[in-house]
Amino acid sequence: MSLARHIDPEELISRLHDAHLTGNGRQIRQKMTTSHLTPYGTKYASETEIPKYELPKKGAPADTAYQLIHDELDLDGKPNLNLASFVGTYMQPQATQLMAENLSKNLADNDEYPAMMSIHERCISILANLWGAKKSEKAVGSATTGSSEAIHLGGLAMKRRWQEYRKAKGLDTLNPNIIMGANAQVALEKFARYFDVEARILPVSKESDYRLDPELVRKNIDENTIGVFVILGSTYTGHYEPVEEISNILDEYQEKTGVDIPIHVDAASGGFIAPFTYAQAGGPKWNFDLPRVKSINTSGHKYGLVYAGVGWIVWRDEAYLPQHLVFELHYLGGTEKSFTLNFSRPGAQVIAQYYNLIHLGFDGYREIMENCLRNARLLSKSLEATGWYTCVSDIHRRPTVASGVLSGAKHAVLGEEGETSADYVAGLPVVSFRLTDEFQREFPHIKQESVSFLMRARQWIIPNYALPPNEDKTEILRVVVRESMSLDLLDRLISDLVSVTQTLIDNDEVDLSILQKQRPAGDSRPRRDAKGKHKEEDTSGLTQESKEVLEGKAARLADGIHRSVC
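The structure reproduced in this document is the subject of the present report. In this text the structure is predicted, and so the values were computed from the model without any measurement.

1. What about the sheet that holds strand β5 (residues 263–266)?
Turning to step 1, where the next piece is worked out: Sheet architecture is open: 7 strands sit in the order β1-β7-β6-β5-β4-β2-β3, paired in mixed fashion. Every interior strand has two partners, whereas the edge strands, β1 (140–144) and β3 (198–202), have only one. Taken over all neighbouring pairs, the strand axes of this sheet differ in orientation by 20° on average, direction set aside.
Turning to step 2, where the next piece is worked out: As defined by bridge partners, β1 adjoins strand β7 (residues 311–315) across 5 bridges and the pair is classed as antiparallel. The partner of Thr144 across the bridge, within β7, is Gly311.

2. As for the side chain of Asn224
Turning to step 1, where the next piece is worked out: As for its position among the elements, Asn224 is in the loop between α7 (214–220) and β4 (225–231).
Turning to step 2, where the next piece is worked out: When its relative accessible area of 14% is taken as the criterion, Asn224 is described as buried.
Turning to step 3, where the next piece is worked out: Among the polar contacts made by the side chain of Asn224, one reaches the side chain of Arg166 at a distance of 3.4 Å.
Turning to step 4, where the next piece is worked out: Look past the residues within four positions of Asn224 in its chain and what remains in contact with it is Trp162, Arg166, Asn175, Pro176 and Asn177.

3. Here we look at the nonpolar core
Turning to step 1, where the next piece is worked out: In terms of nonpolar packing, the biggest core is built from 97 residues, with Trp286 and Leu493 touching the most fellow members.
Turning to step 2, where the next piece is worked out: Per-element accounting of this core gives the leading share, 16 residues, to helix α9 (residues 348–385).
Turning to step 3, where the next piece is worked out: Dropping the residues within four chain positions of it, Leu493 is found in contact with Leu83, Leu379, Met455, Trp460, Ile462, Val479 and Met485.
Turning to step 4, where the next piece is worked out: Ile178, Ala187, Ala192 and Ile231 belong to the second largest nonpolar core, which has 25 residues in total.

4. Observations concerning the packing of aromatic side chains
Two measures describe an aromatic ring pair: the distance that separates the ring centres and the angle between the ring planes.
Turning to step 1, where the next piece is worked out: For the structure on display, the rule yields 9 aromatic pairs.
Turning to step 2, where the next piece is worked out: An aromatic cluster of at least three residues, connected via ring pairs, comprises Phe272, Phe276, Phe362 and Tyr365.
Turning to step 3, where the next piece is worked out: Across the ring face of Tyr424, the terminal group of Arg398 is positioned such that the distance to the ring centre comes to 4.6 Å.

5. A closer look at the pattern of salt bridges
Turning to step 1, where the next piece is worked out: As enumerated under the stated definition, the model contains 18 salt bridges in all.
Turning to step 2, where the next piece is worked out: In this structure, Asp437 engages Arg434 in a salt bridge whose closest nitrogen and oxygen atoms are separated by 3.1 Å.
Turning to step 3, where the next piece is worked out: Between Asp496 and Arg458 there is a salt bridge, and its shortest N-O distance comes to 3.2 Å. In this pair, Asp496 sits in helix α13 (residues 487–506) while Arg458 sits in the loop between α12 (448–457) and β12 (464–466), placing the two residues 38 residues apart along the sequence.
Turning to step 4, where the next piece is worked out: Classification of Asp496 by relative accessible area gives buried; the value is 4%.
Turning to step 5, where the next piece is worked out: One network of salt bridges, in which partners are shared, links Arg166, Asp172 and Glu223.

6. A few points about the packing of helix α5 (residues 147–168) against helix α6 (residues 186–194)
Turning to step 1, where the next piece is worked out: The interhelical angle for the contact between α5 and α6, taken along N-to-C directions, is 45°, at an axis separation of 9 Å. By the angle between their axes, α5 is oblique relative to α6. Read as a crossing pair, α5 and α6 show a hand that is right-handed. Residue-level inspection shows Ser148, Ile151, His152, Gly155 and Leu156 of α5 in contact with α6, the latter providing Ala187, Leu188, Lys190, Phe191 and Tyr194.
Turning to step 2, where the next piece is worked out: Looking at the contact of α5 with α6, its residues break down into 6 nonpolar, 3 polar and 1 charged.

7. Focus on the sheet that holds strand β11 (residues 430–435)
Turning to step 1, where the next piece is worked out: If you walk across this open sheet you meet the 4 strands as β10-β11-β13-β12, and the pairing is antiparallel. Each of the sheet's edge strands pairs with one partner strand only, and the pair in question is β10 (389–391) and β12. On average, each strand axis in the sheet is inclined to that of its neighbour by 40°, with strand direction left out of account.
Turning to step 2, where the next piece is worked out: As paired elements, β10 and β11 share 3 bridges and run antiparallel to each other. The residue bridging Cys391 from the neighbouring strand is Phe433, located in β11.
Turning to step 3, where the next piece is worked out: Each of β10, β11, β12 and β13 (475–480) touches α12; the most contacted strand, β13, lies at about 35° to it.

8. Here's the deal with the environment of Val392
Turning to step 1, where the next piece is worked out: Position of Val392 among the secondary structure elements: in the loop between β10 and α10 (405–414).
Turning to step 2, where the next piece is worked out: Residue Val392 is classed as buried on the basis of its relative accessible area of 10%.
Turning to step 3, where the next piece is worked out: Put simply, Val392 and Lys206 are 186 residues apart on the chain and 9.1 Å apart in space, counted from C-alpha to C-alpha.
Turning to step 4, where the next piece is worked out: If near-sequence neighbours (up to four positions away) are discounted, Val392 is found in contact with Tyr210, Thr237, His239, Arg397, Ser432, Phe433, Arg434 and Ile476.

Quick notes on the rules
- Note on numbering: residues in each chain are counted from 1, in written sequence order.
- Residue-level local features of this predicted model are given only where pLDDT is at least 70; pairs of side-chain atoms are given and counted only at 80 or more, and the full residue set underlies all totals for whole chains, interfaces and linings.
- Hydrogens and water molecules were not included; the side-chain quantities draw on all heavy atoms of the structure.
- Paired strands are those between which DSSP finds at least two bridges.
- A run of H or I in DSSP becomes a helix once it reaches four residues, and a run of E becomes a strand once it reaches two; helices and strands are each numbered from the N terminus.
- Simply put, an axis is a line fit to the C-alpha atoms, just over the touching stretch for a helix, and the angle between two N-to-C directions goes from 0 to 180 degrees.
- Exposure categories follow from relative accessible area, calculated using a 1.4 Å probe and restricted to protein chains: below 20% of the type maximum is buried, above 50% is exposed, and the middle band is partly exposed.
- Whenever two N or O atoms come within 3.5 Å, that pair is a polar contact, provided that in protein one can donate a hydrogen and the other can accept it, and provided that, for residues adjacent in sequence, both atoms are side-chain atoms.
- Contacts are assigned to residue pairs with any non-hydrogen atoms lying within 4.5 Å of each other.
- Think of a nonpolar core as a cluster: buried Ala, Val, Leu, Ile, Met, Phe, Trp, Tyr and Cys residues, connected wherever their side-chain atoms sit within 4.5 Å.
- Any Phe, Tyr or Trp ring, taking Trp's six-membered ring, that has another such ring centre within 6.5 Å forms a pair; planes under 30 degrees apart are called stacked, those over 60 apart edge-to-face, and the others tilted.
- Charge-over-ring contacts are defined here by two conditions on Lys NZ or Arg CZ: a distance within 6 Å of the ring centre and an angle within 35 degrees of the ring normal.
- In the sections that follow, a salt bridge refers to a side-chain nitrogen of Lys or Arg positioned within 4 Å of a carboxyl oxygen of Asp or Glu.
- Angle categories are assigned with fixed cut-offs, so that under 35 degrees is roughly parallel, over 145 is roughly antiparallel, 65 to 115 is roughly perpendicular, and the rest are oblique.
- Left-handed is the label given to a crossing in which the near helix is rotated counterclockwise from the far helix by less than a right angle, and right-handed is the label when the rotation is clockwise.
- Here the term charged refers only to Asp, Glu, Lys and Arg, the term nonpolar to Ala, Val, Leu, Ile, Met, Phe, Trp, Tyr, Cys and Pro, and the term polar to all other amino acids, Gly among them.

Geometric descriptors of this kind do not, in isolation, establish any biological role.
Here you go:
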């Protein structure tokens, strides 16, 4: 959640009121008698602004409060057209009804809501089995508020196990480190910073498909490495990281040194995609089939198809969850074991997750994930067919011969009719694309971020941001294809992208400079320079900021911009 800056209401309101003075100094706003026949028939209709920054002395009628807030939220974008986010924006009416019926239930209260807790346990068992849990081990897990909390719990368990091992050997525990790629989502870096672990963030490259490079893992692990975060689905390009290859490297390292380094798989999106698609994770193992994988997390509110507010983490065996991290609580009427960063939290999303699992089943999830990948491939191929764009993501490309085993197995089962994800490179249904080098040479005045601005004017939210460090000279536009992206909607998206690009081609450098003056939605602050002074326009009619953009000197959308759209 973003930090919010305090606003002085008196200063702001007085400035706004000053703007409503007439020429002779009289206020346009006049007191008037209002009735309450409709939600708009109160003092908030024309006499008084709705309270924004201070608690009002007297409340407003319920219908008025509802209508005013409802109307203000109309200014938000449409969730279904928000192609920046992996978070689901659609649920079936029956699932929504179940959530509404259980909004008041607290997942922390085991004794009061035993049926809900039973559903929670079933979800953990279903996910554990889906991810290859072994009957000889006792898998354990928990719902979380999302993958961020789940990642922190997985990392904390690895750190504590490392500390216990080192203390038992009489070794120091002062310098723990954890390995991740520069493509890691911010939650992984947050874990390292919040829990005092050195984050060894390894550079990515085009050669490594902008994901964690196994050879760099080999060079950066040591006796103080508490674990490796491996991502099943990079937020930049959708590529799966090679879990099995990294596992093999860690096996070799243990044979040479005796140091046992575990893997935590961040499968925020891929945990609900790889198990169901024909492509799986591209052939190699990624889950509990690999003994070195100790824990896996996923987001139920991404491709688990639940509204925002639920994630999951599962450890392959309770032995990998240090017991002194688990709290026993007795004051809610029963005995509860808890290992979460939060206590009270909503249980409705857990119920909705169980609804999806039993309603869709394996075949239902497979159909949805294959549809998402099919539409993502269509979008990728359509963009490249224009000659204006090239895709950085690879899910529309055929795999190498070495990766074609799954495709052959699929045809053996299904025959030759129809294509599936097994015929293509495995990954998330994400389309990351950029303007081609030829286009940029022919139209150097067109900035790629202008595509994002103009698509926003058509209600589409498509972020433009730089690739990770070392590759951040390249900016990409990214579209996340979710369940609700129908073929008709996809046709309109492609049409609008083509239309917007043609508009940019048809306009000259000065015409397009106006796009560089765009501000974030809702930002009404005056423009200031680095010293905090107001920016003034020069005699040419262009602000200094616009001139810098035209000259290629403006700050680029780099380091961290993507983190707000994951």
